[in-house]
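Residues per chain, in single letters:
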Amino acid sequence: MRRRSFLLAPLLLPAFTAAKQPAVRYAAASRATRLAFPRDHGAHPDFRTEWWYVTGALDTAQGDAGFQLTFFRSRPGLAEDLASPIAASQILFAHAALTLPGKPLLHAERAGRANLGAGFSSADCDVHIGAWSMRRSGTGAAEQFRLKVADAAFGFDLQLAPTQPLLLQGENGWSQKGPRPELASHYVSWPQLQVAGNLTLDGRRQPAAGRAWFDHEWSSEVLAAGGVGWDWIGVNLDDGGALMAFRIRDAAGATLYAHAALRDAAGRLTQFGAGEVSFTPVRHWPSPRNGARYPVQMAIRCGPHTIETMPVQDAQEISAHRPLPVSYWEGLVKIRGTLSGRGYLELTGYAGALKL
Amino acid sequence: MLSVANLTKRHPGSARPVFSALGFSIAAGEIVALAGESGVGKSTLLNCIAGLELANTGAILVGPQAQDIVRLDEAARAALRATTIGFVFQAFHVLPTLTVAQNVAVPLLLGGVAAGEHAARIEALLGRVGLPGFGPRWPGTLSGGELQRVAIARALVHRPSLILADEPTGNLDPRTADEILVLLLERVREEGASALIVTHSQHVAQNCDRILTLTPDGLQ
Amino acid sequence: MSAPRWQLSWWLIRAQFQTRRTATALSMLAIALGVALGYAIHLINDAALADFSQAMKSVQGEPDALVAPQDSAGRVPLALINQLARDEAVALVVPVIETRVRIGELTVRLIGLDVFSAGLLMPDLLPRQGESIKGGGLFEDGMYASPALLARLQTKIGAGVTAMRGDARWSTHIAGDLPAARPDDLLLVADIARVQAHFGPADAVSEGRIRLAPGTKLTAWLNTWAGKLPPGITLRAAADNQARLSNISRAYRVNLNVLALVALLTGGFLVFATQLTAVAQRSTQFALLGVLGLSPRMRLMQVLFEGLAIGVPGAVIGLALGWAMAAAFTRLLGGDLGGGFFSGGTPAIVPELLPALGFFALGCAASLAGALYPAWLNRVQPLAQALKTGFAQRPPSGRDDALRPRAGKAIALALVAGAALALTRLPALFDLPLAGYGAIALVLVLGIAVAPLVTQMAFGAFARRELPAAQRIAVQNVMQAPLMAQVAASGLIVSFALTVSMVTMVASFRVALDQWLDVVLPAPYYVRSKGVPLPPQLLAALERPDAPFARVERMAAGALNLDPRRPTVAVLVRELDPANPGARLPFTGEILAAPAGAIPVWISEPMQELYRLKPGQTLRLPLLGREVEVFVGGVWRDYARQFGAVVIGATDYRALGGKFEATELALWPHQGGEAAARDWLAREASRYGIEMAEAGEIRALSLDIFDKSFAVTYALEAAAMLIGLFGLAVTLAASVWLRARELATLSALGFNRAMLTRAVMLEGALIAAIGLAVGLACGIAVGAILTHVVNPQAFHWRMELQIPWLQVLPGAALTLAAGIIASRFAALQATRLPAAQVLASAQ
């Protein structure tokens with residue numbers, strides 16, 4: 001799944017995209033690759049793009065709260081030949097956000113190059129920029145992810161414990177992203193993680209608990225021409241199941257490619273092809289910041305299932321600035337319909353086309 | 001209006017007192033001449049009454065409240081002078097750097113008389129001492145007689161109850177001296193004030209209600 | 001106070017100003033001058049400092065803390081940067097590699113940036129890619145130049161550029177500019193990794209600038225890292241940098257301000273003289289007002305008001321004048337007052353309210369202080385007596401100065417002298433010679449207090465002799481009017497003492513500097529590059545047999561940060577004979593041989609004093625990224641580096657693993673080959689854009705800088721002398737005026753005007769002579785304090801005392817002549833009135 005390559009591209013403009021054709025040969029996502037863990041929780045620096053992405057719903061006295069932390073790794077193909085340990089060949093970005101009932105969305109970001117205040121491990125999930133970090137440790141019952149974020153307005157320190165096995169998307173973690181087979185990524189999800197820890201708001205710490213979703217995806221190939229954005233959703237179902245669905249849109253809003261996967265409480269996995277998946281906007285939220293109209297309430301069909309997203313609040317647009325401005329909608333939604341649960345909906349390419 | 005009792009003054013370092021156990025009083029509206037030979041202590045007595053020098057013993061009750069100036073501190077003595085006593089000196093002592101009107105205004109300023117009254121009072125009084133329209137003039141342009149008229153206006157302007165004059169005509173030629181004396185006595189009576197006038201002049205003394213003569217043995 | 005009394009007060013002030021225009025204007029001017037000098041010095045320094053720190057802020061941002069090597073040749077390992085970055089108390093670490101490179105003939109600062117972190121802290125340094133440039137922006141090969149540098153190099157974006165440092169070179173192109181760089185900054189910025197790849201340091205950076213997470217307590221956080229740092233690395237509060245910056249010029253500024261304060265003090269004296277005479281002249285008037293009911297408190301206040309009426313406009317004029325002086329100065333000469341600490345650029349003079357109020361208050365305080373004693377005298381005048389006979393010099397208290405035993409006076413004076421002596425023994429406070437300044441003040445007090453004694457002793461003897469009438473009158477007047485004579489003399493004592501002391505100090509320093517230059521410039525020729533190593537090609541050429549030099553000594557300069565709040569100590573790596581360092585360094589004491597195996601270093605006098613070191617001790621220096629134990633072999637005199645320097649032999653430095661990259665050369669040509677050597681050097685110097693100079697030129701330049709740096713102090717001295725003379729004239733005029741009746745009587749008795757004038761002039765000459773004699777003695781004492789206490793404590797410069805008689809004595813003669821002219825002016829004023837009028841008006 002390549003959705004965040006759209007995001008990354010403008011972030012790294014003009015430094016990366018305007019580069020002469022990179023001399024570096026990136027690794028390609030291969031159907032034949034057999035993933036092994038914890039090694040494949042770690043970074044894959046030979047690939048162009050990679051991200052570790054955690055979203056989750058927290059239960060607070062005031063209602064549903066959501067959190068999000070994403071680390072991106074990018075190899076722009078620059079400074080590859082430079083004899084320096086701090087050459088800008090591997091760059092990291094991070095976005096963190098907090099949705100609190102009745103409050104404006106809190107958002108913060110970080111950026112850095114590997115070996116200079118930021119870094120990643122290729123042996124396991126262990127990535128950081130400054131004091132922000134995402135790290136996996138332990139085995140069996142002790143296995144957990146630790147997330148640390150601290151900014152001026154908010155911070156969190158959360159432990160995420162698995163309650164179910166990993167979910168390898170597509171064919172054993174090889175996930176096709178377009179009609180052509182080269183357009184693919186390696187994609188691993190881990191739904192239904194038990195969350196414990198605390199939030200820090202304006203310097204005051206409070207306990208937090210809930211359910212989270214972990215994604216780890218890496219790829220090298222850019223999406224087919226014509227795509228301007230995507231819609232994606234990942235839902236921890238109330239009954240213990242998990243649903244992931246996405247579609248790639250063109251400028252007219254038509255679907256270029258779509259896919260969905262549903263794992264029920266018993267662990268049975270069902271995959272839905274492009275023809276079985278559809279996204280239909282029900283209600284739009286206009287962004288006061290840039291006028292983009294985000295279809296925050298969306299009817300989604302996956303084979304026999306029909307669900308509708310109900311955002312816990314409409315204003316969950318993220319505007320990141322570093323190193324270049326980009327806006328997208330990423331927020332906590334409730335799901336109703338034939339399935340119910342809480343998940344994160346991601347809507348990109350609405351605030352102007354994300355051109356390469 | 002003025003009551004002196006049992007007054008003794010001795011200069012520091014001097015064995016003999018200037019005077020001792022003096023006693024007299026002046027009634028309201030009474031004008032008294034103080035005569036005596038040079039050096040007998042007339043000026044010292046006047047200074048004591050004005051609180052410029054302190055008597056060693058005795059009491060000097062001054063003004064409508066009959067305050068004992070011997071027992072007041074320096075600031076209170078100054079305040080008492082500013083409200084109750086008017087002075088006329090032999091040497092005029094008109095401030096050369098202030099205009100005639102400003103000179104006359106000084107007691108009004110020091111006595112705390114409301115500013116609104118100043119101009120009218122000064123103008124009227126200058127008229128009555130024979131200097132109408134002299135207000136803006138500088139003392140340097142005035143004759144001795146005119147200067148003493150300014151001094152008389154200044155002595156009376158704040159309506160004191162007691163006028164102290166130390167040889168007020170001593171620096172003037174006889175004709176002018178007569179005019180000034182008449183003027184001084186007239187104005188004092190007009191204001192209803194009491195006065196103690198130190199003088200060597202028989203002529204002056206005769207124009208007063210009473211004559212006190214200070215001798216080394218006391219008042220006669 | 002009620003409104004009518006204000007009215008009276010105002011009338012009196014106005015009258016006073018109208019009748020004494022000259023004296024009032026002079027007093028006002030003196031206050032204005034004092035305030036103006038002080039304020040101008042403050043403004044210029046403030047502007048220069050602000051400009052300097054703004055420049056630093058632009059390049060460095062405003063971090064909370066810094067991690068940096070103590071040795072300028074050191075580095076901060078990447079591992080430490082990464083460790084710090086992961087500290088949860090740290091919001092951001094901005095690593096920087098900073099170096100100097102040669103581009104053609106120009107030496108330029110090259111800053112390697114990590115845009116991700118630097119963008120947040122140092123936005124002024126962010127590069128902008130040229131529109132014509134295609135490619136991947138900052139991470140690709142290329143440099144970004146400040147607009148000033150582009151102009152200086154006469155090049156443009158897209159052009160090729162080659163940067164060199166020692167053996168290393170980087171040929172690339174100018175990919176863009178630095179739009180936010182300050183207009184004067186000559187800067188290059190490139191990606192940190194590119195700079196590292198070409199110029200190093202490997203696996204390290206020059207410095208890390210740290211911003212802490214909100215709510216983190218800086219000091220506590222610094223403490224948590226205290227024991228965990230590798231040797232040779234400091235982690236310090238960034239505010240220390242500011243302190244250090246201000247420390248660089250602090251002693252110099254304080255010194256100048258003390259001088260300005262002296263001008264103000266003399267101004268206060270003039271107010272004293274003016275107000276004292278004003279009180280004396282108007283004693284009858286004040287007595288009259290007292291009789292009319294002006295309270296004693298108001299008689300005191302009135303004189304203070306009059307002092308303020310001089311001080312307030314004086315101070316306001318002074319502020320305006322100071323501002324104008326500062327603005328003119330910076331426009332013409334830049335921000336350097338001669339101390340050499342700030343150079344280049346025209347800093348903007350920005351007056352702020354608080355300092356302006358401060359200097360305003362100082363001016364008012366000086367005039368109030370001057371009016372205090374006259375006001376008190378006015379307060380205690382006996383009214384009846386003053387009305388009759390005028391001003392009483394001695395208040396009528398029971399205490400009579402004449403009756404006080406002389407022994408008591410002598411003891412008091414001896415105590416003051418003892419206190420002054422004791423103060424000169426005290427160490428510096430807050431690195432400032434405050435006790436020394438205190439001693440100077442006491443010496444001046446002593447001089448003023450001793451003047452009447454000297455007067456009585458000198459003229460007592462004089463008066464017993466047979467003298468013509470006019471002279472006798474003059475002598476008697478001086479003896480009988482001690483107060484007025486003392487006032488007149490004290491102004492001269494203070495101003496002459498200060499002038500003599502400054503001249504003495506400057507002369508001592510100049511002689512010492514001259515001798516010092518002889519020792520430190522042994523070679524005929526010198527070559528120097530600014531901060532970059534000398535080109536290896538040049539060094540190679542010098543080693544060839546056809547090079548026209550008999551001997552070449554190389555030197556490299558670095559810097560050590562031994563105390564975060566102090567400016568760095570220079571490290572001089574020199575090729576000198578370890579057995580005979582005295583051949584190259586002007587040692588002040590014994591030279592100790594290092595024990596076997598120990599590394600000898602030789603420290604400068606300032607370093608010895610700042611860090612309290614002793615010859616013969618061992619010392620741990622943070623050299624080359626570790627603690628190195630060295631042996632202090634001796635202390636040498638250094639007038640060039642105020643914050644200390646340490647010399648280490650090149651052989652030892654190399655043995656420690658240091659890279660000896662020479663930045664300076666001393667060259668001895670072959671016998672008879674001077675002309676050829678000079679030509680050869682001039683050619684090579686222009687080829688590599690380095691500086692060459694003959695020893696004579698350096699010497700002349702040094703002395704020139706020295707003279708320039710004391711130009712301001714000469715201006716202050718001139719002001720002080722002028723004020724002192726004003727004081728003499730005003731007081732003499734007043735004292736003559738006070739005796740107008742006496743003079744008139746004399747004139748009635750048959751003295752003619754010429755005789756009276758002569759008597760007054762003689763009186764002026766006598767007072768001036770006493771003032772100058774006492775002033776000279778005090779001046780020499782103060783000069784000794786400046787030379788032996790203030791200079792060593794403020795600047796760590798030690799030298800021998802030299803009294804420049806050839807300057808001091810003619811100066812004294814000149815002042816005496818001026819004093820006599822001033823008293824002639826006073827005499828003419830006093831005798832202008834016809835005697836009859838004086839006698840009549842005075843009753």
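Note that the structure is predicted; figures quoted are calculated from it, not measured. (Residues numbered from 1 in each chain as written. Chains lettered and ligands numbered in written order. Predicted model: local features only at pLDDT ≥ 70, side-chain atom pairs only at ≥ 80, totals over all residues.)

Enquirer: Just checking my understanding: could you explain the overall build of chain C for this structure?
Expert: Check the secondary structure of chain C and you find 26 helices and 21 strands. Partitioning the intrachain contacts of chain C with sequence separation of at least 6 by distance along the chain shows that 84% fall at a separation of at least 24. (Helix = DSSP H or I, 4+ residues; strand = E, 2+ residues; numbered from the N terminus. Contact = placed C-beta atoms within 7 Å.)

Enquirer: When you look at the interface of chain A and chain C in this model, what are you seeing that I'm missing?
Expert: The accessible area lost on association of the parts is a frequent measure of interface size. Opposite the 28 residues of chain A that make contact, chain C presents 30 residues. Those elements giving two or more residues to the side of chain A that touches chain C turn out to be strand S4 (106-114) and strand S5 (117-120) of chain A. Top element by residues in the side of chain A that touches chain C is S4 of chain A. It accounts for 3 residues. Of the residues in the side of chain A that touches chain C, the class split is 18 nonpolar, 8 polar and 2 charged. (Nonpolar A, V, L, I, M, F, W, Y, C, P; charged D, E, K, R; others polar.)

Enquirer: What is the right way to read unusual backbone geometry from this model?
Expert: Peptide bonds are trans in most cases, and residues, glycine excluded, mostly fall at negative phi. With an omega dihedral of 10°, the bond running from Phe37 of chain A to Pro38 of chain A counts as a cis peptide bond. In this structure, Asn115 of chain A takes a positive phi of about 80° despite not being glycine. Tracing the backbone shows Asn115 of chain A in the loop between S4 and S5. Judged by C-beta crowding, with 20 C-beta atoms within 10 Å, Asn115 of chain A ranks as buried. Phi at Arg612 of chain C is positive, roughly 50°, even though this residue is not glycine. Classification of Arg612 of chain C by C-beta neighbours within 10 Å gives exposed; the count is 7. (Buried ≥ 20, exposed ≤ 12 C-beta atoms within 10 Å, placed from the backbone.)

Enquirer: Help me out: how do you make sense of the pairing of strand S11 (residues 207-212) of chain C in this one?
Expert: Regular strands show a simple pattern: their side chains alternate between the two faces of the sheet. Residue and element names in this part refer to chain C. Strand direction decides the pairing type here: strand S1 (residues 65-69) and S11, joined by 3 bridges, are antiparallel. Bridging from a neighbouring strand, Ala65 pairs with Ile210 of S11. Pairing geometry for strand S3 (residues 90-103) and S11, over 6 bridges, is antiparallel. Note that in S11 the partner of Pro95 across the bridge is Gly208. (Pairing = 2+ DSSP bridges.)

Enquirer: Got a minute to help me understand helix H9 (residues 283-292) of chain C in this structure?
Expert: Helical periodicity: at 3.6 residues per turn, an α-helix aligns residues three or four positions apart in one direction. Residue and element names in this part refer to chain C. Counting buried positions along H9 gives 9 out of 10 residues, so the element sits mostly inside the fold. Taken residue by residue, H9 has Ser283, Thr284, Phe286, Ala287, Leu288, Leu289, Gly290, Val291 and Leu292 as its buried positions. Within two residues after H9, Gly293 carries a phi angle of roughly 120°, on the positive side.

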